[in-house]
Structure formats: structure tokens, C-alpha cells
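So the chains spell out like this:
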Amino acid sequence: MNSSSSSSMGGEGRHDDDSGLTEFLSSLMDYTPTIPDELVEHYLGKSGFHCPDLRLTRLVSVATQKFMLEVANDALQHCKARQAAPVKDKSKQPKDKRLVLTMEDLSKSLQEYGVNLKHQEYFADSPSTGMDPASREE
């Protein structure tokens, strides 16, 4: 008798999960996503996924939005930690306290999610950028 009552409870729990999922998917039809459906469909198509169901496209859009929000929030935390760290050379300490997102912050944030981001070193990263070549001290 115990085994039959536990299996009926499992079936009832599954029914609740299915109805919750169905309700959630139907609510996506009324939701206007931040990432446009056309953009999501384009990238899904490029990856080989074609589905005429708009609800699945919006589900991917919501998941993408959540991922981007988490990455941006983590990058913000890295930026705050970087700016709160003591600076050895007082002349290099920024005068204003604006938060500036750097590639370093973004790279650290993405690494937490298994995405390795490598960027090229740009000439703008050097202190002599924009100076006349004849006046550079090297």
C-alpha cells in the first residue's frame, strides 16, 4: 500500500510541475522581452535550432537576459573591488569615483561562467598614445 500511495504522490507532483510549466510558458506570450525575438531567432537559426514556437524563443531570450544580467553584476562587483583596493602610487589614484567597466572586470566575470575572453593589447593602452613620435621618450 505504501508503494502505491508514493507512486500516486509522484504522479500528482509531476502534474503540478507540468501545470506550472504550462502556465509559465503561456505567460511568455504576454511578455515583451528585452532581447528582440528576431535577434534570438537569428542566432538560434545560426546554431541550427529552428522552432516555430514563439514561447521557446522567448524562453531563450529570458535565459539570455538573466545570464547577461548576472555577468554585468559580477563585473560591477569586480570593478568595485578593484577601485576599493589600495593604490601604491598616489599619483595614479583617480580623482573622481565613477565606476568604469574594463575588459579586465568583464574577463574575470565571464571566467566564473567558464567563458575565457581574450582581448588584444591596443596601442591606446600605452601611456605614449597620441603623442608626436618625435617627442616620445623611449
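Per-chain numbering applies: the sequence of each chain, read as written, is numbered from 1 onward. Side-chain atom pairs in this predicted model are given and counted only at pLDDT of 80 or more, local residue features only at pLDDT of at least 70, and totals for whole chains, interfaces and linings cover all residues. Computation of side-chain values covers all heavy atoms of the structure but excludes hydrogens and water.

Another aspect to go through is the side chain of D74. Tracing the sequence through the fold places D74 in helix α3 (residues 54-84). Buried, partly exposed and exposed residues are distinguished by accessible area as a fraction of the type maximum, computed with a 1.4 Å probe on protein chains only: under 20%, between the cut-offs, and over 50%, respectively. Only four residue types enter the charge count: Lys and Arg as positive, Asp and Glu as negative, with His and the chain ends excluded. Think of a salt bridge as a Lys or Arg side-chain nitrogen and an Asp or Glu carboxyl oxygen that are within 4 Å of each other. Among buried Asp, Glu, Lys and Arg side chains, D74 stands out as unpaired, with K66 the closest opposite charge at 9.7 Å. When checking whether two residues touch, look at their non-hydrogen atoms; a contact exists if any pair is within 4.5 Å. When neighbours within four sequence positions are excluded, D74 is seen to be in contact with S109, E112 and Y113. Secondary structure counts use DSSP, requiring at least four H or I residues in a row for a helix and at least two E residues in a row for a strand, with both numbered from the N terminus.

Fine structural detail should not be taken from predicted coordinates in areas where pLDDT scores are low. Looking at the chain, the pLDDT average stands at 79 and 71% of residues meet or exceed 70. pLDDT measures the predictor's confidence residue by residue and takes values from 0 up to 100. The least confident element of the chain, judged by mean pLDDT, is helix α1 (residues 2-27) at 67; the most confident is helix α2 (residues 37-46) at 95. Across residues 1-8, where pLDDT falls below 50, the model places 0 contacts with residues more than four positions away in sequence or in other chains.

The next thing to look at is the pattern of salt bridges. Within this structure, the stated rule accounts for 5 salt bridges. A salt bridge links R55 to D53, with the nearest nitrogen and oxygen atoms 3.0 Å apart. On the accessibility criterion, R55 (28% relative accessible area) is partly exposed. A salt bridge links K66 to E70; the nearest nitrogen and oxygen atoms lie 2.2 Å apart. Highlighted residues: K66 and E70, both in helix α3, separated by 4 residues, approximately one helical turn. Residue E70 is classed as partly exposed on the basis of its relative accessible area of 29%.

Take the packing of α3 against helix α4 (residues 103-111) next. Here, axes are lines fitted to C-alpha atoms. For helices the fit covers the stretch in contact, and angles between N-to-C directions go from 0 to 180 degrees. The geometry of α3 relative to α4 is characterised by a closest axis approach of 8 Å and an angle of 125° between their N-to-C directions. On the basis of their axis angle, the class for α3 and α4 is oblique. As for how α3 packs across α4, the hand of that crossing is right-handed. Across from F67, V71, D74, A75, H78, C79 and R82 in α3, the residues of α4 making contact are D105, L106, K108, S109 and L110. An angle below 35 degrees is read as roughly parallel, one above 145 as roughly antiparallel, one from 65 to 115 as roughly perpendicular, and any other as oblique. For a crossing to be left-handed, the near helix must be turned anticlockwise from the far one by less than a right angle; the clockwise case is right-handed.

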